[in-house]
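A structural walkthrough
Here is how the chains run, residue by residue.
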Amino acid sequence: MTRSRTNRTYWAAGTAVVLAALFAAGATFATADGSEDRGGPSASGTPALYSPDAGFARDMAVHHQQAVEMSFIVRDRTQDEPVRGLAYDIANTQANQRGMLLGWLDLWGLPKVVADEPPMSWMETDSSAGHDGHGGQGGQGGHEGHVTKPGALMPGMATKEELDRLGSSSGRDAEVLYLQLMTEHHKGGVAMAQGCAKQCRTPAERALAQGMVEAQQSEMKLMADMLRQRGAAPRP
């Protein structure tokens, strides 16, 4: 039952990946309906350096990488098949999506890391921002109530100490901690994906982001059920 629900969870994400692949060839030809200083497409039709499209791709690639890392850790710390199956699905899906996001940055001729760009600053982009929309105050403050905890890079991400604790746990303790950490991770990821679904101008990227929202919200419900089965609950 748990496995079938997990598979249904990834239907939405899989659909988004297919849509993104279908539209990827046209990703650089988005209509230039805004100026570059508002974070819109550049003169060539590609997203600007500090646009929501580019910022989301960079930030979500980092966010996804940690989800993959946590999933590989828990697979080595438990023999519980439902948790191992969920971890495999999350690692596989998010690694594929990360590859797409980084591929778009290559396609757009944009760097994967920008030294002076605070995490999440693209979510603050508006018409009053500075050049390329680079006027946000991302980072530790989070966005729209999603606060980044001390020691974490972005909302939902685990700290080094939490990753170390996961790596040193085993059995039920590792399962519960993984499900709690991944629930928090998904909450931050959903907020970011919702931001791209609203702000990004590349149709393929918006489709992928919306698929992330739907899949990860479904996964959070699944993980809440799995925590209850283990006598635990998501962390407040």
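The residue numbers shown here count from 1 along each chain, following its written sequence. Local features are withheld for residues below a pLDDT of 70 in this predicted model, meaning they are given only at 70 or higher, and side-chain atom pairs are given and counted only at 80 or more; totals for whole chains, interfaces and linings count all residues. Computation of side-chain values: all heavy atoms of the structure, hydrogens and water removed.

1. Describing the overall build of the protein chain
Secondary structure elements are taken from DSSP: a helix is a run of H or I of four residues or more, a strand is a run of E of two residues or more, and numbering for both begins at the N terminus. What the protein chain contains, in helices and strands, is six helices and zero strands. In sequence order, the secondary structure elements of the protein chain are arranged as α-α-α-α-α-α. Working rule for contacts: check all heavy atoms of both residues, and any pair within 4.5 Å makes them a contact. Taking the intrachain contacts of the protein chain between residues at least 6 apart in sequence as the baseline, contacts between residues at least 24 apart amount to 73%. Looking at the protein chain as shown, the accessible area adds up to about 10400 Å², and 54% of this sits on carbon and sulfur atoms. We get accessible surface area from the Shrake-Rupley algorithm with a probe of 1.4 Å; when it comes to residues, only the shown protein chains can shield them.

2. Observations regarding the nonpolar core
For this analysis, a nonpolar core means a set of buried residues of the types Ala, Val, Leu, Ile, Met, Phe, Trp, Tyr and Cys, connected via side-chain atoms within 4.5 Å. Whether a residue is buried, partly exposed or exposed follows from its accessible area with a 1.4 Å probe, protein chains only, as a fraction of its type maximum: under 20%, in between, or over 50%, in that order. By size, the foremost hydrophobic cluster in this structure holds 51 residues, and its most contacted members are F56, M70, L101, Y178 and M192. Every element with two or more residues in this core is listed here: α2 (52-75), α3 (81-108), α4 (160-168), α5 (171-199) and α6 (203-229). It is α5 that contributes the most residues to this core, eleven residues altogether. Those residues within four positions of Y178 in sequence are excluded, and the remaining contacts are M70, S71, V74, V83, A87, I90 and L166.

3. Considerations on unusual backbone geometry
Look at M120: it is not a glycine, yet its phi comes out positive at around 75°. Here M120 shows up in the loop between α3 and α4.

These figures come from the coordinates and say nothing about function on their own.
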